[in-house]
Amino acid sequence: MTQNVKETFTGEAPPAPAALAAKVRTLAPSMTRSMQRVAEAVAGDPAGCAALTVTGLAERTGTSEATVVRTARLLGYPGYRDLRLALAGLAAHQQSGRAPAVTADIAVDDPIADVVAKLAYDEQQTLADTAAGLDTVQLGAAVSALAAAGRIDVYGVGASGLVAQDLHQKLLRIGLIAHAFSDPHLAVTNAVQLRAKDVAIAITHSGSTGDVIEPLRVAFERGATTVAITGRPDGPVSQYADHVLTTSTARESELRPAAMSSRTSQLLVVDCLFIGVAQRTYETAAPALAASYEALAHRHAPRGAR
């Protein structure tokens, strides 16, 4: 397990109680094993942990008081006292509503109705976690850069490549010059052409996909504004990103690989970017959208009406 996590409070506003579980899911993969035990305990039993002193939580998780404090600070709280208050708030929030009747664990012999219910719940949780953890300041800065961009390149491979294509098509329909690349060679050779006022976007759930990081690095070195959409904000991709947009790291299972769950949260971020840009460029975006709808209208007409 990697040890290179930041253990000091960032100075940013602590996450709201409802966002605590999402924060744990996002940061847990980069924590030490002892910190993971603390994080999983507070996310799994907020009411029980809220009643514990720092010593009590350390004993419950088989860690040390210092580990508990470091975990609290990594999660965005100045100290353990602030984390306890957030846990109490989260517990009250959970008790005010009904607990979910399903989980995302899908068994090979599950009836199809259960599969639908479990997937629907998991998709909802993934979207809620992403919305709760998304930094709107970073999002707004990325939107501003895109709205003023001379050219936009989007990099993604595999499932993330499908998301890159989705953003590319959306931007084209509001009149922006955009390209999506899943071939790493084409991505790099095009990134070389980027300059200031251009924007490059890398989409990688793991934050460590070399075929995506390399063109983003080239774009960064050419002076373009760079954006990373990733489930690992502490991953290698972030060192070349001016703006980092964090997606939910939904739990992977045998029948539902990470590529499926990550795409849901990536598409939400892409939609947020698109709507934000469309708002900023409404005078040109609205006519462009209308023109694209009109150009395709005959393809959607009933056969008898053609």
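Refer to the structure presented above.
Residues numbered from 1 in each chain as written. Predicted model: local features only at pLDDT ≥ 70, side-chain atom pairs only at ≥ 80, totals over all residues. Heavy atoms only, no water.

Colleague: Mind showing me how you'd approach the overall build of the protein chain here?
Modeller: Each helix and strand in the protein chain was counted, giving 13 helices and five strands. Looking at the protein chain as a whole, 44% of its 306 residues qualify as buried. Across the protein chain, the fraction of contacts at a sequence separation of at least 24, relative to all contacts at a separation of at least 6, is 72%. Here the protein chain has roughly 15,200 Å² of accessible surface; of this, 55% comes from carbon and sulfur atoms. (Helix = DSSP H or I, 4+ residues; strand = E, 2+ residues; numbered from the N terminus. Buried < 20%, exposed > 50% of the residue type's maximum accessible area, 1.4 Å probe, protein only. Contact = heavy atoms within 4.5 Å. Areas by Shrake-Rupley, 256 points an atom, 1.4 Å probe, with all protein chains shown as cover.)

Colleague: I keep staring at the side chain of Thr67 and nothing clicks. Help me out?
Modeller: Mapped onto the secondary structure, Thr67 falls in helix α5 (residues 65-74). What Thr67 contacts, discounting residues up to four positions off in sequence, is Ser34, Met35 and Val38.

Colleague: Any chance you could explain the sheet that holds strand β4 (residues 225-230) here in plain terms?
Modeller: Note on sheets: strands pair through backbone hydrogen bonds, and any given pair is parallel or antiparallel. Sheet architecture is open: five strands sit in the order β2-β1-β3-β4-β5, paired in parallel fashion. Both edges of this open sheet fall to β2 (178-181) and β5 (243-246), since each of them pairs with a single strand only. Averaged over all pairs of adjacent strands, the angle between strand axes in this sheet comes to 15°, irrespective of strand direction. Taken together, the four bridges between β4 and β5 define a ladder with parallel strand orientation. Counterpart to Val227 in the pairing with β5 is His243. Running at roughly 125° to β5, helix α8 (residues 136-147) makes contact with β1 (152-155), β3 (199-204), β4 and β5 of the sheet. Across the sheet, helix α10 (residues 184-191) is in contact with β1 and β2; its angle to β1 comes to roughly 155°. (Pairing = 2+ DSSP bridges. Axes fitted to C-alpha atoms, helices over the stretch in contact; angles between N-to-C directions.)

Colleague: Even after reading the chapter, I still don't get the pairing of β2, so can you show me in this structure?
Modeller: With four bridges joining them, β1 and β2 adopt parallel strand pairing. By the bridge assignment, Asp153 is partnered in β2 with His179. For the segment spanning β1, helix α9 (residues 159-173) and β2, crossover handedness is right-handed. (Right-handed = clockwise from strand over helix to strand, strands pointing away.)

Colleague: Got a minute to help me understand unusual backbone geometry in this structure?
Modeller: For residues other than glycine, phi is negative in most cases, and the peptide bonds are mostly trans. Even without being a glycine, Lys197 presents a positive backbone phi close to 80°. Judged by its relative accessible area of 58%, Lys197 is exposed.

Colleague: Can you help me understand the environment of Leu176 in this one?
Modeller: By the element assignment, Leu176 lies in the loop between α9 and β2. The exposure class assigned to Leu176 is buried, which follows from its relative accessible area of 14%. Between the alpha carbons of Leu176 and Ala148 there is a distance of 9.5 Å; along the sequence they are 28 residues apart. Apart from residues no more than four positions distant in its own chain, Leu176 is found in contact with Leu146, Ile152, Leu171 and Val277.

Colleague: What should I look at first to understand the packing of aromatic side chains in this one?
Modeller: Aromatic ring pairs are described here by two measures, namely the spacing of the ring centres and the angle between the planes. A full pass over the atoms with the stated rule returns two aromatic pairs. Taking the centre distance of 6.3 Å and the plane angle of 35° together, the rings of Tyr155 and Phe181 count as tilted. In this pair, Tyr155 is assigned in strand β1 and Phe181 in strand β2, connecting sequence segments 26 residues apart. Per residue, the accessibility class of Tyr155 equals that of Phe181, and both read buried. On the basis of an interplanar angle of 65° and a centroid distance of 6.2 Å, the ring pair of Phe220 and Tyr240 is categorised as edge-to-face. Of this pair, Phe220 sits in helix α11 (residues 210-221) while Tyr240 sits in the loop between β4 and β5; the two residues are 20 residues apart in sequence, bridging distant segments of the chain. The ring of Tyr293 carries the charged tip of Arg173 above its face, separated from the ring centre by 4.8 Å. (Phe/Tyr/Trp six-rings, centres within 6.5 Å; stacked < 30°, edge-to-face > 60°. Lys NZ or Arg CZ within 6 Å of the ring centre and 35° of its normal.)

Colleague: How should helix α13 (residues 282-296) be read in this particular structure?
Modeller: Structural remark: α-helix, 3.6 residues per turn; residues separated by three or four positions point the same way. The terminal C-alpha atoms of α13 lie 21 Å apart, and with 15 residues this matches the ideal 21 Å at 1.5 Å per residue to within 8%. For α13, the full list of buried residues reads Ala285, Ala288 and Ser292. Buried residues of α13, viewed axially, fall in a sector of 70°; they line one side. Among the exposed residues of α13, those oriented more than 90 degrees off its buried face are Tyr282, Glu283, Tyr293 and Glu294. (Expected span 1.5 Å × (residues − 1). Arc of directions from axis to C-beta.)

Colleague: Can you walk me through the pattern of salt bridges in this structure?
Modeller: Oppositely charged side chains can form a pair if their charged atoms are brought close together. This model, assessed by the stated rule, comprises five salt bridges. Between Glu221 and Arg217 there is a salt bridge, with the nearest N and O atoms lying 3.1 Å from each other. Taken together, the residues span about one helical turn, with Glu221 and Arg217 both in helix α11 at a distance of four residues. Where salt bridges share partners, they join Asp166, Lys170 and Asp271 into one cluster. (Salt bridge = Lys/Arg side-chain N within 4 Å of Asp/Glu carboxyl O.)

The quantities given are spatial measurements derived from coordinates; they are silent on function.
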